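# Descriptive analysis of the structure
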Amino acid sequence: MYTQSFSVPDAADGPSAGLKAVARPPNEAERELLARFDTRIDADGRIEPRDWMPDAYRKTLVRQISQHAHSEIVGMLPEGNWISRAPSLKRKAILLAKVQDEGGHGLYLYSAAETLGTSREQMLDALHSGQAKYSSIFNYPTLTWADVGVIGWLVDGAAIMNQIPLCRCSYGPYARAMVRVCKEESFHQRQGYESLLVQMKGTPAQQGMVQDAVNRWWWKCLAMFGPPDADSPNSQQGMRWGIKRFSNDDLRQKFVDATVPQAQVLGVTLPDPDLKWNAARGHHDYGAIDWDEFWQVVNGHGPCNQERLATRVKAHDDGAWVREAAATHAEKQRQRALKAA
Ligand code: BYC
C-alpha cells in the first residue's frame, strides 16, 4: 500500500480472504530491466515516461506528485479568501497573480502525474472523496491580512526549501515542472516578506498582527516537512530512487537556519523558547513539534479540513458545464478536421 488513495483493498471474503499475494519472482528479462534502471539511478540519470520503471517507483511518484498537485490547488483557498479584502490595488494584483500561479503549479503537476499512467479524474476523485492527502498547512484559517504575508514568507519559504531539491528528482517530468514552480515560489516568498516589512513599519497594532500571525503559523510550517526521519516510512526508498534528495529533518533544519536571521531583520520573535544557535552542531536547536496535532490534521481533523474539501468539491461541480462545453467544442473541431482531410 502506498497511500490511502492508491491502495487496493484485500478481498474481505472469498477463498483468498486474509491471504497476502506472494510476488512472482522476476524473470531474466525483468532482472535485466531492473539492473539497467538501477544503474541509471546510481549514475544520477533521469527516468522518462516511456522508460521501463519498477511498479513501486511509479506508484511512489504518483503518490507524491498527486499529493503535491492537490496541495497547490487546495493551497489557493486560504489566501484566495483575502483577494476581495486586500488593503490596496497593488496588494490585490500581487495576490491575484500569486493565487493564479498556485493553480498553474497544480496543473503542471497533474500533467506530470498523468505521464505515469494515472488519469486526472482518478486523482481528482481521490481528492474530492477525502481519500487523498494534501499538505497539512492548508487546513488552518487565515484570520488577518498579516496571515497572507506570513504564508508567503514562511509557507512558501518552507515550500521552496522542500522543492528546490525536487528540480533534481530522478523522474524527468516532475523535475522539469519543479524548475518553473520554484522560480514562481521565489517571487511568492519575496512578496510575502516585503508585505510584512511594510506592516512592521506601521502602527503597534499592525506590528502586533504580524507577530500574532507568526505565532500561529511557525510550528505548522515546521511540520510541513513531514514526520521525523525515524517515523517517515517513505523517505529511505524515496532517497534511494533519487526522488527525495534530503531527509525531512535535514530540510526542516535548513529552513530553521535560513529563517532565524530573516525574523531578526523583520523584528519578530519566533515562538520557540528553545530556539538557539548551537555552535557545536553549526545549526539552531529548536523545540518539540506537536506531532499528534500534525497527524490529527493529516487524518482529516484539522480546523479547516471539511471547509477546504467542501469548497473544492463545489468548485469542481460548478465547473462541470465548462468541462462539457470544452469537450464538445474539441470534438466538433476534430470532426471538422476529419471532414476536411
Ligand atoms: N501534510 O514518509 P513520509 C505549497 C504524509 S504546496 C500532509 O515522510 P514522503 C504551496 C506523507 O504523504 C506544498 N501529509 O512521506 C501551495 C505520507 O503519507 P502516505 C506541498 C504529509 O512522501 C500553495 C506520510 O505522511 N509540497 O508549498 O517521503 C501556496 C509519511 O510521510 C505531510 C509537496 O507536496 C504534510 N505536511 O515525504 C503556498 C512537495 N508530510 O502518502 C505553498 C512534494 C508528510 O504514505 N512532497 N505527509 O499516505 C514531498 O516532498 C514529500 O511527499 C513530503 C513527505 C516531504 C511532503
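Residues numbered from 1 in each chain as written. Predicted model: local features only at pLDDT ≥ 70, side-chain atom pairs only at ≥ 80, totals over all residues. Heavy atoms only, no water.

### Quick word on the site of the ligand
Near the ligand lie 36 residues; those nearest to it are Q67, K133, S232, K244 and N248. With respect to the ligand, the side chain of K133 contributes an N or O atom lying 2.6 Å from an oxygen atom. Contact between the ligand and M224: a nitrogen atom at 3.1 Å from a main-chain N or O atom of the residue. In isolation the ligand offers 1,000 Å² of accessible surface; the protein chains occlude 93% of this area. Elements represented by at least two residues in the shell around the ligand include exactly helix 2 (55-74), helix 6 (145-163) and helix 11 (291-301). Looking at the shell around the ligand element by element, the count peaks at six residues for helix 2. (Near = heavy atom within 4 Å. Polar contact = N/O pair within 3.5 Å; in protein donor to acceptor, adjacent residues only side chain to side chain. Areas by Shrake-Rupley, 256 points an atom, 1.4 Å probe, with all protein chains shown as cover. Helix = DSSP H or I, 4+ residues; strand = E, 2+ residues; numbered from the N terminus.)

### With respect to the nonpolar core
Counting 67 residues, the largest nonpolar core has Y57, L61, I65, W153, Y171 and Y174 as its most contacted members. Not counting residues within four places of it along the chain, the set of residues in contact with Y57 comprises F37, I41, I47, S170, Y171, W241 and I243. Among the nonpolar cores identified, the runner-up in size contains seven residues, and W82, A86, L95 and V99 belong to it. (Core = buried A, V, L, I, M, F, W, Y, C linked by side-chain atoms within 4.5 Å. Buried < 20%, exposed > 50% of the residue type's maximum accessible area, 1.4 Å probe, protein only. Contact = heavy atoms within 4.5 Å.)

### Observations concerning helix 2
The first and last C-alpha atoms of helix 2 sit 28 Å apart over 20 residues, in line with the 28 Å expected at 1.5 Å per residue. Extensive coverage of helix 2 is indicated by the burial of 16 of its 20 residues. (Expected span 1.5 Å × (residues − 1).)

### Some words on helix 5 (residues 120-128)
Side chains of residues three or four places apart in an α-helix project in the same direction, reflecting 3.6 residues per turn. By the burial criterion, the buried members of helix 5 are M123, L124, A126, L127 and H128. Where the residues of helix 5 are buried, they touch helix 2, helix 4 (89-114) and helix 12 (305-318). A positive phi of about 80° marks G130, the residue just after helix 5.

### Re the packing of helix 4 against helix 7 (residues 172-200)
Helix 7 packs onto helix 4 with a crossing angle of 160° between their chain directions and a minimal axis gap of 10 Å. In terms of orientation, helix 4 lies roughly antiparallel with respect to helix 7. As for how helix 4 packs across helix 7, the hand of that crossing is left-handed. A breakdown of the residues in the contact of helix 4 with helix 7 according to their chemical character gives eleven nonpolar, four polar and nine charged. (Axes fitted to C-alpha atoms, helices over the stretch in contact; angles between N-to-C directions. Parallel < 35°, antiparallel > 145°, perpendicular 65-115°, else oblique. Left-handed = near helix turned anticlockwise from the far one by under 90°. Nonpolar A, V, L, I, M, F, W, Y, C, P; charged D, E, K, R; others polar.)

### Quick notes on the environment of Q236
Relative to the helices and strands, Q236 is located in helix 9 (residues 235-240). For the pair Q236 and S247, spaced eleven residues apart in the sequence, the C-alpha separation amounts to 8.3 Å.

### Quick notes on the pattern of salt bridges
Tallying each qualifying case throughout the model produces 20 salt bridges. Across the pair E194 and R91 runs a salt bridge whose closest N-O atoms are separated by 2.9 Å. On the criterion of sequence distance, the pair formed by E194 in helix 7 and R91 in helix 4 is long-range, its members being 103 residues apart. Its relative accessible area of 10% is what places R91 among the buried residues. Of the charged contacts, one joins D156 and K98 as a salt bridge, the two residues approaching to 3.1 Å between their closest N and O atoms. Residue D156 is located in helix 6, and its partner K98 is located in helix 4; the two are separated by 58 residues in the primary sequence. (Salt bridge = Lys/Arg side-chain N within 4 Å of Asp/Glu carboxyl O.)

### Some thoughts on unusual backbone geometry
In this model, D44 sits at a positive phi of 65°, which is unusual for a non-glycine residue. Within the secondary structure layout, D44 lies in the loop between helix 1 (28-42) and helix 2. Here D44 falls in the partly exposed class, since its relative accessible area comes to 46%.

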